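Fold and contact review
Listed below are the residues making up each chain.
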Amino acid sequence: MKTKILEKFKTLYGEGAACYASPGRVNLIGEHTDYNMGFVMPGAIDKAIYVAIKPNGGTISHVYSVDYDEAVDLDFTGEKPAQQWACYVFGVVKEMEERGAKVPAFDMTFGGDVPLGAGLSSSAALESAVGFALNDTFNLGFTREELAKIGQMTEHHYIGVRCGIMDQFASLFGEKGKIVRLDCRSLEYKLEPFNPEAAGCKVVLFDTQVKHTLASSEYNVRRAQCEAGVAVVAKHVPGVESLRDVTMEMLDQYKDEMDEVVYRRCSFVINENQRLLDGCAALEQGDYVTFGQKVYGSHEGLSKWYEVSCKELDFLVDIARKNPGVLGARMMGGGFGGCTINIVKAEAYDAYVAEITEKFEKEFGRKPRVIEVVISQGAHKIE
Ligand code: ADP
Ligand code: MG
């Protein structure tokens, strides 16, 4: 991939480009916890966006998308471009300028192998790769945390997606064999060991390739239900601002004052945070069996208590549960479609992939996309 990007740069703009990469991500445990000020647990993967870049000394920047085979001239004093992919580049530069940076004009080619729209956050990989490349090329002095915010705000202001900061954080802070335990309230993070290969395991995603339309409306409903639960507890307990501040004891104490559905939603979030912390403790002991149980627990909660799964995802996780070679599996992302993430013993891997593919096809008439991932290095320069 990197060679292809550099070759294209040479053809279009000549010699001397520097090359950078920033990866997509998976999330091991911690779904719907971000907006409740809880924890998430993403890791960078071995699929990335690659950027080749060189200052051009002019006033107009030239950017070429290898995957769309399309070139755009960018004038950062003008309007945002028509192509969405170019808006990510445009937005990153504008957000940097917003924070006082002077970004000279450049030539750029980019492309990657993060599957688009599969829940691996190709968009954050793109923002992070562009941000990291510009920052290094022009010595802009932004920290990785600032680059993450620049990426997040690019989505808010130039794409119209009001995302959290997890994806950019994973892409910028990820490391090989480590996941990023991120506290969404303080943005403090801790790298936790996650090296399933060393424990004789592999990580694989099965993409159902369904996206049920419920996703965005139900997302808003879930947020409101969490807020309703917080409001009840906050009437009694001073200082409670989010579900992060609420324990199961508190929730149970004031259960009678809230709707049963609100209670179920809130207990999922509180338990999901606890599962994540317990999962990290297990990883610190190298205990992938216990960790896998937490992953299964996360799916159970998402499916039965938070009710954001769908029949395709539940079907995949049911097969996983019955297979002794699978340590853990769950839906990944906001729900109502997308991928499952699976931790599988290496010796059981091939048979498991075959089993899933065959059974899914028999049930739904098409094969799921199989995406094997290895937890890898975050944003970096390629020498
Ligand atoms: P994801 O879940 O993968 O982040 P999004 O819809 O948020 O999905 O982002 C996908 C968008 O990001 C694409 O429509 C495109 O504009 C941009 N993008 C991602 N990867 C690439 C790529 N390799 N080349 C060009 N644009 C890309
Ligand atoms: Mg995205």
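Right above here is the structure, for reference.
Residues numbered from 1 in each chain as written. Chains lettered and ligands numbered in written order. Predicted model: local features only at pLDDT ≥ 70, side-chain atom pairs only at ≥ 80, totals over all residues. Heavy atoms only, no water.

1. Quick word on the site of ligand 1
Residues in contact with ligand 1 amount to 17 residues; listed here are only the nearest, Asp67, Gln84, Gly117, Ser122 and Ser123. The separation between a nitrogen atom of ligand 1 and a polar side-chain atom of aspartate 67 is 2.7 Å. Relative to its free-state accessible area of 560 Å², ligand 1 is covered by the protein chains to the extent of 82%. (Near = heavy atom within 4 Å. Polar contact = N/O pair within 3.5 Å; in protein donor to acceptor, adjacent residues only side chain to side chain. Areas by Shrake-Rupley, 256 points an atom, 1.4 Å probe, with all protein chains shown as cover.)

2. Section: the packing of helix α10 (residues 311-322) against helix α11 (residues 349-364)
Contact pair α10 / α11: the axes reach a minimum separation of 11 Å and the direction vectors enclose 145 degrees. Crossing of α10 over α11 shows right-handed handedness. Two secondary-structure elements touch here, α10 through Lys311, Glu312, Phe315, Leu316, Ile319 and Ala320 and α11 through Tyr352, Glu355, Ile356, Lys359, Phe360, Glu363 and Phe364. When the residues that make up the contact of α10 with α11 are grouped by side-chain class, the tally is eight nonpolar, no polar and five charged. (Axes fitted to C-alpha atoms, helices over the stretch in contact; angles between N-to-C directions. Helix = DSSP H or I, 4+ residues; strand = E, 2+ residues; numbered from the N terminus. Left-handed = near helix turned anticlockwise from the far one by under 90°. Contact = heavy atoms within 4.5 Å. Nonpolar A, V, L, I, M, F, W, Y, C, P; charged D, E, K, R; others polar.)

3. Side note on the sheet that holds strand β7 (residues 178-183)
The three strands lie next to each other as β2-β7-β8, forming an open sheet whose pairing is antiparallel. Looking at strand neighbours, the two that pair on one side only are β2 (39-40) and β8 (189-193), the edges of this open sheet. Pairing of β2 with β7, which is carried by two bridges, proceeds in the antiparallel orientation. The residue of β7 that forms the bridge with phenylalanine 39 is aspartate 183. Of the strands in this sheet, β2, β7 and β8 are in contact with helix α5 (residues 166-173), which crosses β7 at around 140 degrees. Across the sheet, helix α8 (residues 260-284) touches β2, β7 and β8, and the angle it forms with β8 is around 50 degrees. (Pairing = 2+ DSSP bridges.)

4. Focus on the sheet that holds strand β9 (residues 201-211)
With respect to topology, four strands assemble into an open sheet ordered β10-β11-β9-β12, the strand pairing being antiparallel. Each of the sheet's edge strands pairs with one partner strand only, and the pair in question is β10 (326-331) and β12 (369-373). Strand-to-strand, the axes of this sheet are offset by a mean angle of 20 degrees, without reference to chain direction. Relative to strand β11 (residues 337-345), β9 runs antiparallel, the two sharing eight bridges. Looking at β11, one finds that lysine 202 is bridged to valine 344. Along the sheet, α10 contacts β9, β10 and β11; its crossing angle with β11, the most-contacted strand, is approximately 10 degrees. α11 rests against β9, β10, β11 and β12 of the sheet, and its axis sits at about 15 degrees to β9.

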